[in-house]
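Examining the three-dimensional arrangement
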Amino acid sequence: LAVLYYWMQPPSCAPKIIDNFLCKSSYNMAVFQGLNAEKQGDHRSAVQAFSLALEAHPDGLLARNMRAHLSKILGDYPQAMVDLSFLIDRNQSDPSLYLTRAEIWMRQGRLLLALDDAVTAISIDPDQLEPNGRKLLQQIFEPIEDFDQFFQDLHAQEASKSDELRIACKLGLAYAYDAHS
């Protein structure tokens with residue numbers, strides 16, 4: 001009875017009971033295959049399995065989260081960004097999603113966007129900064145060769161925004177790193 005309840009409870013894949021059961025079964029089987037492939041280190045097969053799961057149930061958060069994570073590992077940043085944006089739209093209070101997206105922005109050389117997501121993650125949960133956030137902030141600032149130009153770009157980007165706290169936080173982090181190094 002508990003298994004039947006699981007397949008019947010929201011979020012549903014389809015309005016009809018039998019269709020919902022089949023959809024969730026397809027989703028769960030694909031997720032299990034993806035988790036198994038990921039555990040064996042076959043990331044490409046795992047991404048394919050999670051993609052199949054999302055074809056069956058596009059709102060499946062576990063499959064989308066795993067596909068985002070594995071896409072980042074495989075260097076498929078556009079797919080990872082699509083999945084992370086979907087996840088952030090549904091759960092804006094999870095700082096780890098912002099830190100993951102900041103890492104991808106950083107890998108793409110988009111440091112201001114990376115810093116923006118890192119600051120968002122810190123503002124949600126300052127404890128999340130340890131240890132992944134601190135390492136990410138260091139990685140964001142390391143490739144910057146000309147801090148004066150970086151600060152000018154940061155000021156120009158933020159000039160039209162009214163959120164002075166975010167500006168101050170970004171600049172404070174940047175200046176703190178500059179002073180430390």
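Right, let's walk through the structure included here. (Residues numbered from 1 in each chain as written. Predicted model: local features only at pLDDT ≥ 70, side-chain atom pairs only at ≥ 80, totals over all residues. Heavy atoms only, no water.)

Notes on the overall build of the protein chain
Note the following rule: For the purposes of this entry, the term helix denotes a DSSP run of H or I that reaches at least four residues, the term strand denotes a run of E that reaches at least two, and both are numbered from the N terminus. Classification of residues uses two cut-offs on accessible area relative to the type maximum, computed with a 1.4 Å probe and protein chains only: under 20% is buried, over 50% is exposed, and between them is partly exposed. Contacts between residues were defined by any pair of non-hydrogen atoms, one from each residue, lying within 4.5 Å. With residues, only the protein chains shown are counted as cover, and all accessible areas are computed by Shrake-Rupley using a 1.4 Å probe.
Each helix and strand counted, the protein chain has 10 helices and zero strands in total. The helix and strand sequence of the protein chain, counted from the amino end, reads α-α-α-α-α-α-α-α-α-α. The buried share of the protein chain, taken over its 181 residues, is 40%. Considering only contacts in the protein chain between residues 6 or more positions apart, those separated by 24 or more positions represent 48%. Only carbon and sulfur atoms are counted for the fraction: they give 55% of the accessible area of the protein chain, which is about 10500 Å².

Points about helix α7 (residues 111-124)
Condition: One less than the number of residues in a helix, times 1.5 Å, gives the span that helix is expected to have.
For α7, spanning 14 residues, the distance from its first C-alpha to its last is 20 Å, which sits close to the expected 20 Å at 1.5 Å a residue. Most of α7 is tucked away: 10 of the 14 residues are buried. Regarding α7, the residues found buried are L111, A114, L115, D116, D117, A118, V119, T120, A121 and I122.

Considerations on the environment of F50
Within the fold, F50 resides in helix α3 (residues 43-56). As for F50 and L62, which are separated by 12 residues in sequence, their C-alpha atoms are 8.8 Å apart. When sequence neighbours within four positions are dropped, the list of residues in contact with F50 reads V31, G34, L35, A63, M66, R67 and L70.

Comments concerning a negative patch on the surface
Selection criterion: Exposure above 30% relative accessible area and no salt bridge define the residues that can form patches, which grow by joining like charges within 9 Å and nonpolar side chains of Val, Leu, Ile, Met, Phe, Trp and Tyr within 5 Å. The term salt bridge refers to a side-chain nitrogen of Lys or Arg lying within 4 Å of a carboxyl oxygen of Asp or Glu. When charges are counted, Lys and Arg contribute as positive and Asp and Glu as negative, whereas His and the chain ends are disregarded. Each charge is placed at NZ for Lys, CZ for Arg, CG for Asp and CD for Glu.
Together, E145, D146, D148 and D153 line one region of the surface with negative charge. Take D153: it is sitting in helix α9 (residues 147-158). The partly exposed category is assigned to D153, whose relative accessible area is 36%.

A short note on the nonpolar core
Counted only if it meets this: Here, nonpolar core means buried Ala, Val, Leu, Ile, Met, Phe, Trp, Tyr and Cys residues that are tied together by side-chain atoms lying within 4.5 Å of each other.
Formed by 30 residues in total, the largest nonpolar core has its most connected members in L115, L137, I140, F141 and F150. At the level of secondary structure, the elements contributing two or more residues to this core comprise α5 (77-90), α6 (95-107), α7, α8 (132-141) and α9. Of all hydrophobic cores here, the second largest spans 12 residues; its members include V31, A46, F50 and A53.

What to know about α5
The end-to-end C-alpha distance of α5, which contains 14 residues, comes to 20 Å, matching closely the 20 Å that a straight helix rising 1.5 Å per residue would cover. On the buried face of α5, the contacting elements are α4 (61-74) and α6.

Observations concerning the pattern of salt bridges
In a structure, side chains of opposite charge can pair up when their charged atoms sit close to one another. Tallied over the full model, the rule gives five salt bridges. The salt bridge involving K72 is made with E103; its shortest N-O contact spans 3.2 Å. Remark: E103 occurs in helix α6 and K72 occurs in helix α4; sequence separation between them is 31 residues. With respect to burial, K72 and E103 carry one shared label: buried. The partner of R107 in a salt bridge is E103, with the nearest N and O atoms 2.6 Å apart. Of the two residues, R107 and E103 are both situated in helix α6; the distance of four residues between them amounts to about one turn of the helix. The class of R107 is partly exposed, set by a relative accessible area of 38%. Among the charged side chains, a network of salt bridges with common partners joins R64, R67 and D83.

With respect to a nonpolar patch on the surface
On the surface, a nonpolar cluster with roughly 390 Å² of combined accessible area is contributed by M29, F32, L35 and L62. Counting residues per element, the nonpolar patch draws most heavily on helix α2 (residues 17-39), at three residues. Along the chain, L35 turns up in helix α2.

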